[in-house]
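Given next are the chains, with one letter for each unit.
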Amino acid sequence: LRFLLGAFESGLLPGVVFYLTKWYKKSERTYRISLFFSGATIAGAFNGLLAYAITNLDGKFNLHGWQWV
């Protein structure tokens, strides 16, 4: 299942870049693509922090950690 998830997800970044090329002019495209890649990098930087915070919520208000998601 993990292999299939990786296989389907592998086309996301090239697909987004292709999609952006259909909507924006060449002069606007580089800025939009750089925003997308910067956002993906920032999201990757904070995902560990978010996972740690959700794990520590286990038992709060009679909810398990996964229920906070």
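Residues numbered from 1 in each chain as written. Predicted model: local features only at pLDDT ≥ 70, side-chain atom pairs only at ≥ 80, totals over all residues. Heavy atoms only, no water.

Undergrad: Explanation requested: the overall build of the chain in the structure shown.
TA: Looking only at helices and strands, one finds three helices and zero strands in the chain. Computed over the C-alpha atoms, the radius of gyration of the chain is 17 Å, more than 25% above the 11 Å expected from 2.2 N^0.38 for a compact globule of 69 residues. Roughly 6200 Å² of accessible area belongs to the chain as shown, and the carbon and sulfur atoms make up 69% of that amount. (Helix = DSSP H or I, 4+ residues; strand = E, 2+ residues; numbered from the N terminus. Rg over C-alpha atoms; globule rule 2.2 N^0.38 Å. Areas by Shrake-Rupley, 256 points an atom, 1.4 Å probe, with all protein chains shown as cover.)

Undergrad: Can you walk me through the packing of helix α2 (residues 12-23) against helix α3 (residues 26-56) in this structure?
TA: Relative orientation of the contacting elements α2 and α3 amounts to 150°, with a least axis distance of 10 Å. Taken as axis vectors, α2 and α3 run roughly antiparallel relative to one another. The hand of the α2/α3 crossing is right-handed. The residues of α3 that touch α2, namely those facing Leu13, Val16, Val17, Leu20 and Thr21, are Arg29, Arg32, Ile33, Phe36 and Phe37. Across the contact of α2 with α3, the residue classes tally to seven nonpolar, one polar and two charged. (Axes fitted to C-alpha atoms, helices over the stretch in contact; angles between N-to-C directions. Parallel < 35°, antiparallel > 145°, perpendicular 65-115°, else oblique. Left-handed = near helix turned anticlockwise from the far one by under 90°. Contact = heavy atoms within 4.5 Å. Nonpolar A, V, L, I, M, F, W, Y, C, P; charged D, E, K, R; others polar.)

Undergrad: Hey, could you run me through a nonpolar patch on the surface in this one?
TA: Together, Leu1, Phe3, Leu4 and Phe8 make up an exposed nonpolar region whose accessible area comes to about 600 Å². Mapped onto the elements of the fold, phenylalanine 3 is located in helix α1 (residues 2-9). (Patch = residues over 30% accessible without salt bridge, like charges linked within 9 Å, V, L, I, M, F, W, Y side chains within 5 Å. Salt bridge = Lys/Arg side-chain N within 4 Å of Asp/Glu carboxyl O.)

Undergrad: Could you clarify how one ought to interpret the UniProt feature "transmembrane region" (unreviewed entry) in the chain in this entry?
TA: Under the present numbering, the feature "transmembrane region" (unreviewed entry) in UniProt falls on residues 6-21 and 33-54. The distance separating the terminal C-alpha atoms of residues 6-21 is 24 Å; by composition the span is 88% helix and 0% strand. In residues 33-54, the share of helix is 100% and the share of strand is 0%. The end C-alpha atoms are 31 Å apart. (UniProt positions renumbered as here; feature names shortened; annotations may be inferred.)

Undergrad: How should I be thinking about the environment of serine 34 in this particular structure?
TA: With respect to the helices and strands, serine 34 occurs in helix α3. A distance of 2.7 Å separates the side chain of serine 34 from the backbone oxygen of tyrosine 31, its partner in a polar contact. (Polar contact = N/O pair within 3.5 Å; in protein donor to acceptor, adjacent residues only side chain to side chain.)

Undergrad: Any chance you could explain the environment of tryptophan 68 here in plain terms?
TA: In this structure, tryptophan 68 sits in the segment after α3. As for tryptophan 68 and aspartate 58, which are separated by 10 residues in sequence, their C-alpha atoms are 8.3 Å apart. Excluding its chain neighbours within four sequence positions, the residues that come into contact with tryptophan 68 are Ile54, Leu57, Lys60, Phe61 and Leu63.

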